[in-house]
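# Notes for the structure review
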Amino acid sequence: MPDTYLPLVGNNPGTPNPTPTPTPIPSPTPGAGQKLVIDPITRIEGHLRIEVKIENGFVTDAWSAGTQFRGIELILNGRDPRDAWVFTQRICGVCTTVHAIASVRAVENALGVTVPDNARLLRNLIEGAQFIQDHVIHFYHLHALDWVDIVSALSADPAATSALQKSISN
Amino acid sequence: MENKTGEISEQITQKGMSRREFIKLCGIVAAVLGLPASAVNTISNALAAATRLPAIWLEFQDCTGDSESFLRAYQRSDPLQPSKTDPGITSLILDVLSVDYHETLMAPAGFMAEKSRQDTIQSYAGKYVCVVEGSIPAGNNGVYCTIGGRTALSILQDVTSHAMATIALGSCATDGGLAGANPNPTGAVGVKDAIPGIQNLINLPGCPANVVNLVATIVYFLTYNQWPSTDNLGRLAFAYGEVVHDQCPREDFYEEGNYVLEWGDERHRQGWCLFKMGCRGPRTGSNCPTVKWNEGTCWPVAAGHGCIGCTEPHFWDTMTPFYIPLPGGD
C-alpha cells in the first residue's frame, strides 16, 4: 500500500463548523492522537479503505482510498467506439445500465448523432427499471444492515412496528 | 458453527416446498447437468442427507456482476405457471451453499470482516469452497487491488490453500477478463495463472456467470462427491460444452440465409438471425439458450442482440469489435 492518501475530507481550520457540537468519540488515551482504519468497507461495489484521525475525541481528518484499479480508460483506448458501452458497463455490476447509457451518449455526442424518439423513450424505460432495481438492491442487500440489527430483529414486535408505521403515514 | 446433517432438507421443508416439488427441482438440476432421469433420485436422496457447503467468496478486480447474478437466484421452473411453493432451481443456492464471507453482502466491516474470513478458514479447513470473483493483478507487486492492506494474491493464496476446491466465477476470475484486456494495465490474471498448478479449480466463465450453473455444480458435488467434468478449456462441460449457435432458436433463419441487416429493420423485428450484426454464437460455448436469464425468461439473442462470446477465453480481445461480423458474415 502507498503510505500517502489523497485527503478527500478535511477540516478547513478557517471555517467555523456550523453544526452543533458533536459528542466526543471515546478514546482509550484521552488527549492523544489516534488513527482508525476501516478496511475493507463492506457492502459496496469495489474496494474501499477509510482512515480517520481522531484527536481529543474528535475526528480531525479523514482519508478515503479506493483500493482497486483496473484501468478501463486505458483499456478502451483505440477500440471501436461502438463497443465502449459494453466495457464501461462493467465499471459496476450493480448499476450497469447507467454506465452503458452514459457511454452511448458520449459516443453519440462525439459523432453528432441525434437518436429517434423511440430510442429515447426505450432508454428512459430501461433507466427507470434500473433505478428501481438499484434502489431495492442498495437498500435491502447493501445499506439495510447499517440500520438493522439482525439479531435484535428476532425479538422485534411486529404489532408495534405496524402501529409506528400507521402513526407516521396514511 | 458446525453444520448438521439433514440441514438442506430441513431448510427446504421450512420453505413449504412439497416433496413432489423438491423432486421436480432435482429433475431440473439433472437436466441442466445433462444427467439421465435416473439421476434424479440419486440427487434428491443425496441433497436430503447433505449439509450445506461453507463458502468464502472473494472479490478482487471485479464489478460485483457475478454477485448480482448470485442475488438473482430466483427462477421459477416454469415461468408461465408461477406458484408460491415453486421458487425454482436457483432458490436452492442458499440451501446448498453457506456463504460465510462475502464483502458485498456481509454485515461486518474492517477488522471484523477480516476476522470472519479467518474464522471460516480455521473452522472449516479443507472443507470449504473458495469462490473467486474478479481478476488478480500481478503487476507492480499487486498494488492494484488490496483488502485490509493485503494484496489480492496474498489473500487468494491464503484462502485457496485451505479450501477443498476453488470456483473461478465469471470471466475475470477465469482468465483476467476485463481488467486483463489489452493492454492489461494492471497485469490482471485469472486464478489458474495467479496460482499455477492449483488443485480442484473449477472455471465458470461468463460475464457474468450464470447462477444456474453454480447451483448445478454445487448440487453435483453434494451428490457425487466429485466435481463435474471439464472441457478442453477447463470449463465445466455441462455448461460450456455446446456451441450457442447450435442451440439457438434462430438457427433455422441462419440455415435459410435470413439475416438481420440493420438494427430495427423488418428482419430484426421478425427475429431473424443476428450473424451479420456480429453475433458470436457460432464461436461460443455456453448453455445460455437453454438455461437463459431473468428467471429463465430471456437471453441476449432473444432480446434482439447478438451473443458477445463472453464465456470464451480473453473475449474482450478475441471477440471484439463486437459489431464486426465473423468471417463469412460481411
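About the cut-offs
Residues numbered from 1 in each chain as written. Chains lettered and ligands numbered in written order. Predicted model: local features only at pLDDT ≥ 70, side-chain atom pairs only at ≥ 80, totals over all residues. Heavy atoms only, no water. Helix = DSSP H or I, 4+ residues; strand = E, 2+ residues; numbered from the N terminus. Rg over C-alpha atoms; globule rule 2.2 N^0.38 Å. Buried < 20%, exposed > 50% of the residue type's maximum accessible area, 1.4 Å probe, protein only. Contact = heavy atoms within 4.5 Å. Areas by Shrake-Rupley, 256 points an atom, 1.4 Å probe, with all protein chains shown as cover. Phe/Tyr/Trp six-rings, centres within 6.5 Å; stacked < 30°, edge-to-face > 60°. Lys NZ or Arg CZ within 6 Å of the ring centre and 35° of its normal. Pairing = 2+ DSSP bridges. Axes fitted to C-alpha atoms, helices over the stretch in contact; angles between N-to-C directions. pLDDT = per-residue confidence, 0-100. Buried area = accessible area lost by both parts, 1.4 Å probe. Salt bridge = Lys/Arg side-chain N within 4 Å of Asp/Glu carboxyl O. Polar contact = N/O pair within 3.5 Å; in protein donor to acceptor, adjacent residues only side chain to side chain. Nonpolar A, V, L, I, M, F, W, Y, C, P; charged D, E, K, R; others polar.

## A closer look at the overall build of chain B
Counting its regular elements, chain B contains 16 helices and nine strands. Taken against the 2.2 N^0.38 rule, which gives 20 Å for 330 residues, the C-alpha radius of gyration of chain B at 20 Å falls within 12% of a compact globule. Across its three principal axes, chain B shows a C-alpha extent of roughly 60 × 55 × 35 Å. Burial analysis of chain B (330 residues in total) assigns 58% to the buried set. Counting contacts in chain B only where the partners sit at least 6 residues apart, residues at least 24 apart contribute 73% of the total. Split by element, the accessible area of chain B, about 13300 Å² in all, is 51% carbon and sulfur.

## Points about the overall build of chain A
Scanning chain A for helices and strands turns up six helices and four strands. Each helix and strand of chain A, ordered N terminal to C terminal, gives the series β-β-β-β-α-α-α-α-α-α. Sorting the 170 residues of chain A into buried and exposed places 28% on the buried side. A fraction of 36% describes how many contacts in chain A between residues 6 or more apart in sequence connect residues 24 or more apart. Accessible area for chain A stands at about 11400 Å²; split by element, carbon and sulfur atoms hold 63% of it.

## A word on the packing of aromatic side chains
Under the criterion given, the structure shown has 14 aromatic pairs over all chains. Where F139 of chain A meets Y140 of chain A, the ring centres are 5.0 Å apart and the plane angle is 90°; that geometry is what we call edge-to-face. Classification of F139 of chain A by relative accessible area gives partly exposed; the value is 39%. Judged by centre distance (6.1 Å) and plane angle (70°), the rings of W316 of chain B and F322 of chain B are edge-to-face. With a relative accessible area of 2%, W316 of chain B lands in the buried category. Residue placement shows R117 of chain B over the ring face of Y101 of chain B; its charged tip is 5.3 Å from the ring centre.

## Overview of the sheet that holds strand β2 (residues 97–102) of chain B
Residues and elements named next belong to chain B. Spatially, the five strands line up as an open sheet ordered β2-β1-β3-β7-β9, and their pairing is parallel. The open sheet has two edge strands with one neighbour each: β2 and β9 (201–204). Sheet twist, expressed as the average angle between the axes of neighbouring strands with direction ignored, equals 25°. Sheet analysis places strand β7 (residues 165–169) next to β9, joined by four bridges and oriented parallel. By the bridge assignment for β9, T166 is matched with L201. Across the sheet, helix α6 (residues 110–123) lies against β1 (53–59) and β2, angled at about 140° from β2, the strand it touches most.

## Quick notes on the side chain of E108 of chain A
In this fold, E108 of chain A is placed in helix α3 (residues 96–111). With residues near it in sequence (within four places) discarded, E108 of chain A still touches V113, V115 and R123 of chain A.

## Notes on the pairing of strand β3 (residues 48–55) of chain A
Residues and elements named next belong to chain A. Note that strand β2 (residues 33–38) and β3 share six bridges and pair antiparallel. Residue pairing across strands places V37 opposite E51, the latter belonging to β3. Summarising the sheet, β3 and strand β4 (residues 58–66) pair through eight bridges and their orientation is antiparallel. Its bridge partner lying in β4, E55 is registered against F58. Between β3 and β4, which pair antiparallel one after the other, the connecting turn spans two residues, and N56 there sits at a positive phi close to 50°.

## Section: the confidence of the model for chain B
Residue and element names in this part refer to chain B. On average, chain B scores 89 in pLDDT, and the residues at 70 or more come to 92%. Counted against residues more than four places away or in other chains, residues 82–86, with its pLDDT under 50, gives ten contacts. Per the prediction output, this complex has pTM 0.86; the corresponding ipTM is 0.90.

## Let's talk about the interface of chain A and chain B
Opposite the 37 residues of chain A that make contact, chain B presents 44 residues. Carbon and sulfur atoms make up 58% of the area that chain A and chain B hide from each other, which totals about 3300 Å². In this structure, D317 of chain B engages R79 of chain A in a salt bridge whose closest nitrogen and oxygen atoms are separated by 2.8 Å. The interface formed by chain A and chain B holds 21 residue pairs in polar contact (both at pLDDT 80 or more) in total. If you list the elements that add at least two residues to the side of chain A that touches chain B, you get α1 (72–76), α2 (84–88) and α4 (117–147) of chain A. No other element matches α4 of chain A, which puts five residues into the side of chain A that touches chain B. A class-by-class count of the residues in the side of chain A that touches chain B yields 18 nonpolar, nine polar and ten charged.

## Brief notes about unusual backbone geometry
Following D39 of chain A, the chain continues to P40 of chain A via a peptide bond in cis, the omega torsion being 10°. Relative to the helices and strands, P40 of chain A is located in the loop between β2 and β3. With omega at 0°, the peptide bond leading from C207 of chain B into P208 of chain B counts as cis. Inspection of the secondary structure puts P208 of chain B in the loop between β9 and α10 (211–224). With a phi angle near 50°, N56 of chain A is a residue other than glycine that sits in the positive phi range. Mapped onto the secondary structure, N56 of chain A falls in the loop between β3 and β4.

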